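Commentary on secondary and tertiary structure
Chain by chain, the residues run as shown.
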Amino acid sequence: MFSVNLINHAGFSNGQEQKLISALKKFETVMNSDLLKQRILNFSSTLGNRFEDNLGLSNEQVFEKLYAGAEEYSPLADYEADLYLFLVKKRRPLLSRHPAIGYGIPGQKEIYTYTWWFNSAVDYDYAGHIAHEWSHKVGFDHAFNPTSTRNFSVPYAFGNIIEELSKQII
Ligand SMILES: [Zn+2]
């Protein structure tokens, strides 16, 4: 049984906190679903039956590494996502077509999300964003700039799968 554990959070109003709680519940439900395991084990792309930037791991090992929940700041395999979530007030940048929706700093616990994106996002969008950022915390990375295969990296693919499966939960 995998648990999503909110250790610290700040910057959320009461209404925003409802979306946060709902997103975490969906993330946890999906992490414990057979469907997620199947999607990761069967993941395929133009690269074949594997993720980009997979650290040399098979799809099954990628699943096991995510499920173990051993963050760089909490390296025990505790089967928990230990989360530190912060909402940062920011307006949508006017000129960028695909502005960053938030960020995390390698080696640090915090996951930052911008209000301009969060306020128009729904719970399953946020679940996908958390999943992407959290996968960095357990050691996965991706190309900095967009490439034709970046969406096949663990953070992007896992984030997208979590979002898609969370969307199916009522
Ligand atoms: Zn990323």
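Report follows, based on the coordinates. (Residues numbered from 1 in each chain as written. Predicted model: local features only at pLDDT ≥ 70, side-chain atom pairs only at ≥ 80, totals over all residues.)

**What to know about the overall build of the chain**
Basically, it comes down to this: Helical segments are the DSSP runs of H or I of at least four residues, strand segments are the runs of E of at least two, and each set is numbered from the N terminus. Our radius of gyration is a C-alpha quantity, and the globule rule it is checked against amounts to 2.2 Å times the number of residues to the power 0.38. Every C-beta atom is placed from the backbone, and the number of other C-beta atoms within 10 Å of a residue's own sets its class: buried at 20 or more, exposed at 12 or fewer, partly exposed in between. A pair of residues counts as a contact when their C-beta atoms, built from backbone coordinates, are within 7 Å of each other.
Looking only at helices and strands, one finds six helices and four strands in the chain. Mapped from its N terminus to its C terminus, the chain presents α and β elements in the order β-α-α-α-β-β-β-α-α-α. Its C-alpha atoms give the chain a radius of gyration of 15 Å, within 12% of the compact-globule value 15 Å for 170 residues. Counting only C-alpha atoms and orienting by the principal axes, one finds that the chain spans roughly 40 × 40 × 35 Å. Buried residues in the chain amount to 34% of all 170 residues. For the chain, the share of sequence-separated contacts (at least 6 apart) that also reach a separation of at least 24 residues comes to 69%.

**Describing the packing of helix α1 (residues 14-31) against helix α5 (residues 123-137)**
Going by this rule: Orientation is described by lines fitted to C-alpha atoms, with helices fitted over the stretch in contact, and by angles between N-to-C directions that extend from 0 to 180 degrees. Take the far helix as your reference; a near helix turned counterclockwise from it by less than a right angle gives a left-handed crossing, and one turned clockwise gives a right-handed crossing.
In contact at an axis separation of 8 Å, α1 and α5 are set at 65° when each is read in the N-to-C sense. By crossing handedness, the relation of α1 to α5 is classed as right-handed. Between α1 and α5, the contacting residues are K19, S22, A23, K26 and F27 on the first element and D123, Y124, Y126, A127, I130 and A131 on the second.

**Some points on the environment of K37**
Within the secondary structure layout, K37 lies in helix α2 (residues 34-41). According to the C-beta neighbour criterion, K37 is partly exposed, with 16 such atoms within 10 Å. The spatial distance from the C-alpha of K37 to the C-alpha of F158 is 11 Å, given a sequence separation of 121 residues.

**Some thoughts on α2**
Selection criterion: Note: the arc covers the axis-to-C-beta directions of the helix.
When α2 is considered as a whole, its buried residues turn out to be L36, R39 and I40. Seen end-on, α2 carries its buried residues on one side only, within an arc spanning 95°. Opposite the buried face of α2, at more than 90 degrees from it, the exposed residues are D34 and Q38. Against the buried residues of α2 lie α1, α3 (59-68) and α6 (154-167).

**So, the packing of α5 against α6**
Packed helices, taken two at a time, are described by the angle between their axes plus the distance between the axes. This is how it is decided: Here the word oblique covers every angle except those under 35 degrees (roughly parallel), over 145 (roughly antiparallel) and from 65 to 115 (roughly perpendicular). Side-chain classes are defined by residue name, with Ala, Val, Leu, Ile, Met, Phe, Trp, Tyr, Cys and Pro counting as nonpolar, Asp, Glu, Lys and Arg as charged, and the others, Gly among them, as polar.
Closest axis-to-axis distance for the α5/α6 pair is 7 Å, and the angle between their directions is 150°. It follows that α5 is roughly antiparallel to α6 by the angle criterion. Handedness of the crossing formed by α5 with α6: right-handed. Contacts from Y124, D125, A127, G128, H129, A131, H132, S135 and H136 in α5 reach V154, P155, Y156, F158, G159, N160, I162, E163, S166 and K167 in α6. Tallied by class, the residues present in the contact of α5 with α6 amount to eight nonpolar, eight polar and three charged.

Take it as geometry only, folks, not as evidence of what the structure does.
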